[in-house]
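# Observations on chain architecture
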Amino acid sequence: FLCLQPRTGNPLTANSVYQIVSRCCYKYKQKKTNPHLLRDMIVTHVRKNGDASEKELEALALFMGHSIQMQRDSYDRRTLEQKVSPAVKLMQDMNSLGGGGGVL
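This write-up is about the structure you can find in this document. Source: prediction; values computed, not measured. (Residues numbered from 1 in each chain as written. Predicted model: local features only at pLDDT ≥ 70, side-chain atom pairs only at ≥ 80, totals over all residues. Heavy atoms only, no water.)

## Section: the side chain of Asp40
Our working rule: For the purposes of this entry, the term helix denotes a DSSP run of H or I that reaches at least four residues, the term strand denotes a run of E that reaches at least two, and both are numbered from the N terminus. What makes two residues a contact is simply this: any of their non-hydrogen atoms within 4.5 Å.
Looking at the secondary structure, you find Asp40 in helix H2 (residues 35-49). When residues no more than four places from it in sequence are discounted, the contact partners of Asp40 are Tyr75 and Arg77.

Laid out in structure tokens, this is it:
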């Protein structure tokens, strides 16, 4: 797979891809960014959204050249409260089913 620069016909270099991504992001969102930050934002969004399965997260990690653990450590930016809220909600739901005499 070969991508060419429109003006010169020369192959794209890592630097030219960096510049293209940076310019496009600024043009459409008025925010300075770069390919690495864009990649970081995508993984952070996928992890934060919570809709991805473990298999999908693992595939994304492998595609990025990471282990699933490295991805969790590097890109999971949820607060402790956000991380435990599903468990708290589950316990509250269980307590409401049992008439309030449950775990909490």
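## Side note on the layout of surface pockets
Rule in force here: Only protein atoms enter the 1 Å grid used here. Points where a 1.4 Å probe fits but cannot escape make up a cavity, open sets with protein on both sides within 12 Å along at least five of seven lines make up a pocket, and a residue lines them when an atom lies within 4 Å of a point. Grid points are joined across faces, edges and corners, and a volume is the space filled by probe spheres set on the points. Throughout this entry, Asp, Glu, Lys and Arg are counted as charged residues, while Ala, Val, Leu, Ile, Met, Phe, Trp, Tyr, Cys and Pro are counted as nonpolar. The remaining residues, Gly among them, count as polar.
There is about 240 Å³ of room inside the largest pocket. Lining the largest pocket are Gln5, Pro6, Arg7, Thr8, Leu12, Ser16, Gln19, Ile20, Arg23 and Cys24. Of the residues assigned to the lining of the largest pocket, the class counts are four nonpolar, four polar and two charged. Space inside the second largest pocket adds up to approximately 160 Å³. Around the second largest pocket, the lining residues are Cys25, Lys29, Lys31, Lys32, Thr33, Leu37, Leu38 and Met41. Elements represented by at least two residues in the lining of the second largest pocket include exactly helix H1 (14-29) and H2. When residues in the lining of the second largest pocket are grouped by element, the largest group, three residues, is from H2. Residues belonging to the lining of the second largest pocket are distributed by class as follows: four nonpolar, one polar and three charged.

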